[in-house]
Amino acid sequence: MPAVAKAQEETVRQPTYVFTNRVYPPVAGATGQLLRDLAEGLVHSGARVIVVTSRGPRDLELPVRETVAGVQLIRVGSAPFTRTSHARRALSYAGLYPQFAWQVRRLGAVDAVVSMTDPPLQVAAVSWATPHSAKRIHWAQDLYPELAEQLGVLSVAGWTAKFLRRLSSNALKRQDVVVCVGRCMQSRLLSRGLDSARLRVIPNWSPVEQASPAAVKAMRQSLGWANEFVVLYSGNMGLAHDFDTLIEAARRLRPGGVRVVFAGEGPRTGQVRAAVASLPHVSLLPSRPPEDLAAFLGAADAHLVSIGADLAGLVVPSKIYGILAAGRPILHVGAPESETAQLLEETGAGWSFRSGDAEGLAQAVESLMADPARREQARSLALKAAEEFTFAKALCRWREVLPVH
């Protein structure tokens, strides 16, 4: 082939990106939803995208290989995943590491391999298997083993945690780029000794767009919220969230005109249900299907977001972007250095309170109830803030990180 023709062929060659993550739709999981958005967006931009993911015993109807919306999926087998047993969950994770590594290795020459944090610490196995010619990228949604330490899964500063931190740090330092989903996470990684030049902050994005007023009104009516001021916690009821402050604030609110709603499932659902059983103005709902989410978020007057005080930078709640897209103010409980607290301070789209400040949170709810002008201002600022966290902007940021031809 003549040199000019060969050069032209290389110029237009389709870049190939490989992503590894435990879940991918239709298997449920927030990281899988984000990955699907990005993978399909990159395909539409002209890239070839391969996702190495898993299927458990309940997902055996899913094919080992298929192409969905242009994304090539490779599914490996996994043990049943459970949140009720740390040992069984660790076993499920352990079975995925060698399979992910093997699938990445056998794919041969690709342009980039992007490991995620589900399962935790897969970056070490995937990085080892990545060809030297490929760009190594880690997409950090959570930080381990610190998160496991703070949640009581591992002993703080125990030998297991120390070993895993060393393993993780060494693997992260071998990455060409580590994508953080928040500035507080970037700070945590800098304290680990990572080179700032290799860290990029790319926030997550809203999974939905703003629902129409008619859809929101219909949702409020169907839920019986038409004549109430609704404060909604929607999402995972997990160990990382400060429900004590939220529940205590709900106790301080006077029944009549206000309704506090917890919608979702997780390991702390039972605890929340028992704690609010005697509060007539507090109710629990199951998670909403994706097709209802935009209207459901818009049906509330304000939203609750909480992260444990010691978890800033270890996890960043991506649901804040959906709330902003719905045009609703955020009432956040957590550390002032967290990404959510910083965002609310910068945009005015809500208010942040330290863990334990149930009185301040309750007073903020009452103030919003009594001041329609304040509510409208917060809603306007939320919509303005949401413009910075669209998928289109996130895709542009990712294309700057990924190699192109």
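The text that follows walks through the structure, step by step, so that each part is easy to find. (Residues numbered from 1 in each chain as written. Predicted model: local features only at pLDDT ≥ 70, side-chain atom pairs only at ≥ 80, totals over all residues. Heavy atoms only, no water.)

**Considering the overall build of the protein chain**
Part 1 of the argument: The helix and strand tally for the protein chain stands at 16 helices and 14 strands.
Part 2 of the argument: Taking 22 Å as the expected radius of gyration for a compact globule of 405 residues, we find that the protein chain reaches 22 Å, a close match to that expectation.
Part 3 of the argument: For the protein chain, the spread of C-alpha atoms along the three principal axes comes to 75 × 50 × 45 Å.
Part 4 of the argument: By the burial criterion, 53% of the 405 residues in the protein chain qualify as buried. (Helix = DSSP H or I, 4+ residues; strand = E, 2+ residues; numbered from the N terminus. Rg over C-alpha atoms; globule rule 2.2 N^0.38 Å. Buried < 20%, exposed > 50% of the residue type's maximum accessible area, 1.4 Å probe, protein only.)

**A word on empty space enclosed by the protein**
Part 1 of the argument: Using the criterion set out here, one finds 3 cavities of 30 Å³ or more in the structure.
Part 2 of the argument: Its boundaries defined by the atoms lining it, the largest cavity holds a volume of some 80 Å³.
Part 3 of the argument: Around the largest cavity, the lining residues are Thr-117, Pro-120, Leu-121, Val-123, His-138, Asp-142, Leu-143, Tyr-144, Ser-168, Leu-172 and Arg-192.
Part 4 of the argument: Broken down by class, the residue content of the lining of the largest cavity amounts to 6 nonpolar, 3 polar and 2 charged. (1 Å grid on protein atoms, 1.4 Å probe; cavity = no way out; pocket = protein on both sides within 12 Å on 5 of 7 lines; lining within 4 Å. Points joined across faces, edges and corners; volume = space filled by probe spheres on them. Nonpolar A, V, L, I, M, F, W, Y, C, P; charged D, E, K, R; others polar.)

**Concerning the packing of aromatic side chains**
Part 1 of the argument: Here the structure, examined in full by the defined rule, presents 8 aromatic pairs.
Part 2 of the argument: Between the aromatic rings of Trp-139 and Trp-205, the centroid separation amounts to 6.3 Å while the plane-to-plane angle is 25 degrees, which identifies the pairing as stacked. Taken as a pair, Trp-139 in strand S6 (residues 135–140) and Trp-205 in the loop between strand S8 (199–201) and helix H8 (213–223) lie far apart in primary sequence, 66 residues in all.
Part 3 of the argument: A network of ring pairs unites the aromatic residues Trp-139, Trp-205, Phe-391 and Trp-398 as a single cluster.
Part 4 of the argument: Between Lys-319 and the ring centre of Tyr-233, over which it is positioned, the NZ or CZ distance is 3.5 Å. (Phe/Tyr/Trp six-rings, centres within 6.5 Å; stacked < 30°, edge-to-face > 60°. Lys NZ or Arg CZ within 6 Å of the ring centre and 35° of its normal.)

**Points about the packing of helix H4 (residues 122–129) against helix H6 (residues 159–173)**
Part 1 of the argument: Running from N to C, H4 and H6 cross one another at 40 degrees; their axes reach a closest spacing of 8 Å. Here H6 runs oblique to H4, going by the angle between their axes. The handedness of the crossing between H4 and H6 comes out as left-handed. Two secondary-structure elements touch here, H4 through Val-123, Ala-124 and Ser-127 and H6 through Leu-167, Ala-171 and Leu-172.
Part 2 of the argument: Residue composition of the contact of H4 with H6, by class: 5 nonpolar, 1 polar and no charged. (Axes fitted to C-alpha atoms, helices over the stretch in contact; angles between N-to-C directions. Parallel < 35°, antiparallel > 145°, perpendicular 65-115°, else oblique. Left-handed = near helix turned anticlockwise from the far one by under 90°. Contact = heavy atoms within 4.5 Å.)

**Side note on the nonpolar core**
Part 1 of the argument: Counting 49 residues, the largest nonpolar core has Phe-19, Leu-42, Val-49, Val-51, Ile-137, Trp-139 and Trp-398 as the members making the most contacts within it.
Part 2 of the argument: With 6 residues, helix H2 (residues 30–44) is the single largest residue contributor to this core.
Part 3 of the argument: Not counting residues up to four positions away in its chain, the partners in contact with Val-51 are Phe-19, Tyr-24, Leu-35, Ala-39, Val-71, Gln-72, Leu-73 and Ile-74.
Part 4 of the argument: Judged by nonpolar contacts, the second largest core, of 28 residues, contains Tyr-233, Phe-262, Leu-279 and Ala-362. (Core = buried A, V, L, I, M, F, W, Y, C linked by side-chain atoms within 4.5 Å.)

**Section: the pairing of strand S11 (residues 282–285)**
Part 1 of the argument: Taken together, the 4 bridges between strand S10 (residues 258–263) and S11 define a ladder with parallel strand orientation. Bridge pairing links Val-261 to Ser-283 in S11.
Part 2 of the argument: Note on the crossover from S10 through helix H10 (residues 269–276) to S11: the handedness is right-handed. (Pairing = 2+ DSSP bridges. Right-handed = clockwise from strand over helix to strand, strands pointing away.)

**Quick word on the packing of helix H14 (residues 358–370) against helix H15 (residues 372–386)**
Part 1 of the argument: Here H14 crosses H15 at 105 degrees, and the two axes come no closer than 5 Å. Between H14 and H15, the interaxial angle falls into the category roughly perpendicular. Side by side, H14 and H15 meet where Ser-367, Leu-368, Met-369 and Ala-370 of the first sit next to Pro-372, Arg-374 and Arg-375 of the second.

**Some points on the sheet that holds strand S14 (residues 350–353)**
Part 1 of the argument: Taken in spatial order, the 6 strands make up an open sheet running S11-S10-S9-S12-S13-S14, and their pairing is parallel. Two strands bound the open sheet, and with one partner strand each, they are S11 and S14. Between one strand and the next, the sheet's axes are offset by a mean angle of 20 degrees, whatever the strand orientation.
Part 2 of the argument: Both strand S12 (residues 302–306) and strand S13 (residues 330–333) contribute to a ladder of 4 bridges, which runs parallel. Bridge pairing in S13 links Ser-306 to Val-333.
Part 3 of the argument: Strands in contact with H14 are strand S9 (229–234), S10, S12, S13 and S14; relative to S13, the strand with the most contacts, it is inclined by about 175 degrees.

**Observations regarding the pattern of salt bridges**
Part 1 of the argument: Scanning the model with the defined rule gives 20 salt bridges in all.
Part 2 of the argument: Measuring nitrogen to oxygen at the nearest pair gives 3.0 Å for the salt bridge that ties Arg-183 to Glu-339. Separated by 156 residues along the polypeptide, Arg-183 in helix H7 (residues 183–191) and Glu-339 in helix H13 (residues 339–347) bring together distant segments of the chain.
Part 3 of the argument: Residue Glu-339 is classed as buried on the basis of its relative accessible area, which comes to 6%.
Part 4 of the argument: Taken together, the salt bridges that share partners define one network made up of Glu-146, Glu-149, Arg-165 and Arg-192. (Salt bridge = Lys/Arg side-chain N within 4 Å of Asp/Glu carboxyl O.)

**Examining unusual backbone geometry**
Part 1 of the argument: In this chain, Pro-25 is followed by Pro-26 through a cis amide linkage whose omega measures 15 degrees.
Part 2 of the argument: Inspection of the secondary structure assignment puts Pro-26 in the loop between strand S1 (16–20) and H2.
Part 3 of the argument: Of the consecutive residues Asp-118 and Pro-119, the connecting peptide bond is found in the cis state with omega at 5 degrees.
Part 4 of the argument: By secondary structure assignment, the location of Pro-119 is in the loop between strand S5 (112–115) and H4.
Part 5 of the argument: Unusually for a residue other than glycine, Ala-69 sits at a positive phi of about 55 degrees.

**Side note on the environment of Arg-252**
Part 1 of the argument: In this structure, Arg-252 sits in helix H9 (residues 243–252).
Part 2 of the argument: Taking the C-alpha atoms as reference points, Arg-252 and Lys-393, 141 residues apart in sequence, are found 41 Å from one another.
Part 3 of the argument: When neighbours within four sequence positions are excluded, Arg-252 is seen to be in contact with Ala-358, Glu-359, Ala-362 and Glu-366.
Part 4 of the argument: Side chain to side chain, Arg-252 and Glu-248 meet in a polar contact 3.1 Å long. (Polar contact = N/O pair within 3.5 Å; in protein donor to acceptor, adjacent residues only side chain to side chain.)

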